[in-house]
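# Overview (structure and organization)
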Amino acid sequence: MKVIQVVKNYGPIGGMEEYVFNLSKELAARETEVTVLCEKQITKSPRGIRVVELGKHRKPHWISHFRFSAAVDRWLREHPDENRITHSHERQNSHNLTTFHTTPFGAGKKKKLLHRASPRHLLYEYLEKRELMGPKTKAIVPVSDNLGKALLQKHPSMKPLLRGPIFPGVALEAEGNWTRPDVKEKGGTIGFIGREWERKGLPKVIEIWSELKKVRPALKLRVAGVPQGEISELLHQSNEGVEVLGWIDDKRSFYQSIDLLLHPAKQEAFGMIIAEAMTAQRPVLCSAECGAASLVTKEYGATLPAANGTEDWTNAAHRLLSNFTPAKNFSRTWKQVASEYRAIYEELLGATND
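Starting from 1, residues in each chain are numbered consecutively following that chain's sequence as written. Where totals are concerned, whole chains, interfaces and linings use all residues; where local detail is concerned, this predicted model gives features only for residues with pLDDT of at least 70, and gives and counts side-chain atom pairs only at 80 or more. By convention in this description, side-chain values take in all heavy atoms of the structure and omit both hydrogens and water.

### Let's talk about helix α9 (residues 272–279)
Relative accessibility decides the category of a residue: with a 1.4 Å probe and only protein chains considered, values under 20% of the type maximum give buried, values over 50% give exposed, and everything between is partly exposed. Counting from the N terminus, the helices are the DSSP runs of H or I reaching at least four residues and the strands are the DSSP runs of E reaching at least two. Within α9, seven of the eight residues are buried, which leaves the element mostly enclosed by the surrounding structure. When α9 is considered as a whole, its buried residues turn out to be I273, I274, A275, E276, A277, M278 and T279. When checking whether two residues touch, look at their non-hydrogen atoms; a contact exists if any pair is within 4.5 Å. Looking at the buried side of α9, the elements it contacts are β9 (189–193), α8 (251–256), β12 (260–263) and β13 (284–287). Just beyond α9, the residue with positive phi is Q281, at close to 60°.

Structure representation (structure tokens):
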């Protein structure tokens, strides 16, 4: 089987990029001939993967999409092969299958007339529609149920092409057994991770933590992925018991140091940290607007609508800290992800050859 993966930056440097990197690695391990078309290779490719760099394109971002797309089209024309699948993760138009990783353009924002008339807005809308309804597109895979519903609501004509979600795998799976110590009645540690801290709900996390300290005075808050200078005004004088770590490389140590992950994001296509925390056997309290929320069964924690008040969130967090231990580790391997994609590839290749 021959498969082309299309991504601008090839290497584990972000959520989408990690998805492509790990998927291509597992596909190659399963006797799949993998070629990656990218602008730039960030890290050394795993064994058995051919990487083709097509050159970096200058900003603005939306123009670079068009230029990269044109470069991919040109390479595909110059290297024709009817017995392969082209799998894109970008705003392309020459793919057989596209995986959608982000919320639809403009989702959750008020659509002002000025924005609708702007060239940038119109072109991003065009790029999104072209990706979903391109001339060669046979299948659309979202990375979560929520994302699939949002795409279908915005683009109802894509319904025949929409597949069920293929959730990311969790790389932490291979790092050994996890244990969770008993949480002290008046203490415990809440964890939060997120570079886009405002959208991911850090102000609400601080409110919840402040309320919980009234009944758990020794409760701590550990914040990762955020430079301290950016959130100093959020903390004011109430920063006793708060540790702001900034960017972290060792997620295992972070999860081992917390007793509950809070993630009240207003909007999140998936939310890898949710799956990671469940793998680390830490309870999760996240918003229903997170794509990974559909994985958070009562065995792993709880979900609430992001719009619910601080009291609801505080009560739920207190329950999880007081008397909840995850029944088991969450398990989702990249081998599973590769198997699910191979089933789609085989179906599409079979339809092409009929």
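### Some thoughts on the pattern of salt bridges
A pair is scored as a salt bridge if a Lys or Arg side-chain nitrogen falls within 4 Å of a carboxyl oxygen belonging to Asp or Glu. This structure, assessed with the given rule, holds 15 salt bridges. Where K56 meets E39, a salt bridge forms, and the shortest distance between an N and an O atom there is 3.6 Å. Of the two residues, K56 is situated in the loop between β5 (49–53) and α2 (61–78) and E39 in the loop between β3 (33–38) and β4 (40–41); the sequence distance between them amounts to 17 residues. On the basis of relative accessibility, which here comes to 54%, the residue K56 falls in the exposed class.

### Some words on the sheet that holds β13
Whether two strands pair comes down to DSSP finding at least two bridges between them. Spatial strand order, β11-β10-β9-β12-β13-β14: six strands in an open sheet with parallel pairing. Edge positions in the open sheet fall to β11 (242–246) and β14 (301–304), since each of these has one partner strand only. Looking at each pair of strands side by side, their axes are set apart by 20° on average, direction ignored. Note that strand β10 (residues 220–224) and β11 share four bridges and pair parallel. By the bridge assignment, R222 is partnered in β11 with E243. To get an axis, a line is fitted to the C-alpha atoms, and for a helix only the part in contact is used. The angle between two axes follows their N-to-C directions and goes from 0 to 180 degrees. Packing of α9 onto the sheet brings it into contact with β9, β12 and β13, and relative to β12 it is tilted by some 165°.

### Considerations on α2
For α2, built from 18 residues, the straight-helix expectation of 26 Å at 1.5 Å per residue is met to within 8% by its first-to-last C-alpha distance of 26 Å. Looking only at α2, the buried set comprises S64, H65, F68, S69, A71, V72, D73, W75 and L76. Against β1 (2–6), β3, β5, β6 (84–88) and α4 (119–132) lie the buried residues of α2. Multiplying 1.5 Å by the residue count of a helix minus one yields the expected span of that helix.

### Some details on the side chain of R282
On the secondary structure map, R282 appears in the loop between α9 and β13. We note that R282 is buried and unpaired, the nearest opposite charge coming from D259 at a distance of 5.6 Å. Two N or O atoms count as a polar contact when they lie within 3.5 Å, although within protein this holds only if one can serve as hydrogen donor and the other as acceptor, and sequence-adjacent residues are included solely when both atoms are side-chain atoms. There is a polar contact of 3.0 Å between the side chain of R282 and the backbone oxygen of Q256. Lys and Arg are tallied as positive, Asp and Glu as negative. Neither His nor the chain termini are counted.

### So, the environment of L123
Along the chain, the position of L123 falls in helix α4. The class of L123 is partly exposed, set by a relative accessible area of 23%. With near-sequence residues (within four places) excluded, L123 lies in contact with W62 and F66.

### Let's talk about the packing of aromatic side chains
Describing an aromatic ring pair means giving the distance of the ring centres and the angle of the ring planes. Only Phe, Tyr and Trp rings are paired, with Trp represented by its six-membered ring, and only when their centres lie within 6.5 Å; those with planes under 30 degrees apart are stacked, over 60 edge-to-face, the remainder tilted. Under the definition given, this model contains nine aromatic pairs. Arranged with centres 5.9 Å apart and planes meeting at 45°, the rings of F167 and F270 form a pair that is tilted. Placement of the pair is F167 in the loop between α5 (145–154) and β9 and F270 in the loop between β12 and α9, with a sequence separation of 103 residues. The burial state of F167 is the same as that of F270; both residues are buried. Taken together, a centroid distance of 5.7 Å and an interplanar angle of 75° make the contact between F254 and Y255 edge-to-face. An identical accessibility class is assigned to F254 and Y255; each is buried.

### Brief notes about the sheet that holds strand β8 (residues 139–142)
Pairing is parallel in the open sheet, where six strands are placed in the order β5-β3-β1-β6-β7-β8. In the strand order of this sheet, the two ends are held by β5 and β8, each with one partner. Looking at each pair of strands side by side, their axes are set apart by 20° on average, direction ignored. In terms of strand pairing, β6 meets strand β7 (residues 97–100) through two bridges, oriented parallel. When the sheet's bridge partners are listed, S88 is paired in β7 with T98. Packed on one face of the sheet, α4 meets β7 and β8 and runs near 130° to β7.

### Here we look at the nonpolar core
Buried Ala, Val, Leu, Ile, Met, Phe, Trp, Tyr and Cys residues form a nonpolar core when they are joined through side-chain atoms within 4.5 Å. Y255, I274 and Y341 are the most contacted members of the largest nonpolar core, which has 63 residues in total. Broken down by element, this core gets its largest block of residues, eight residues, from helix α11 (residues 334–353). In this structure, V205, W209, L235 and L321 belong to the second largest nonpolar core, which totals 27 residues.

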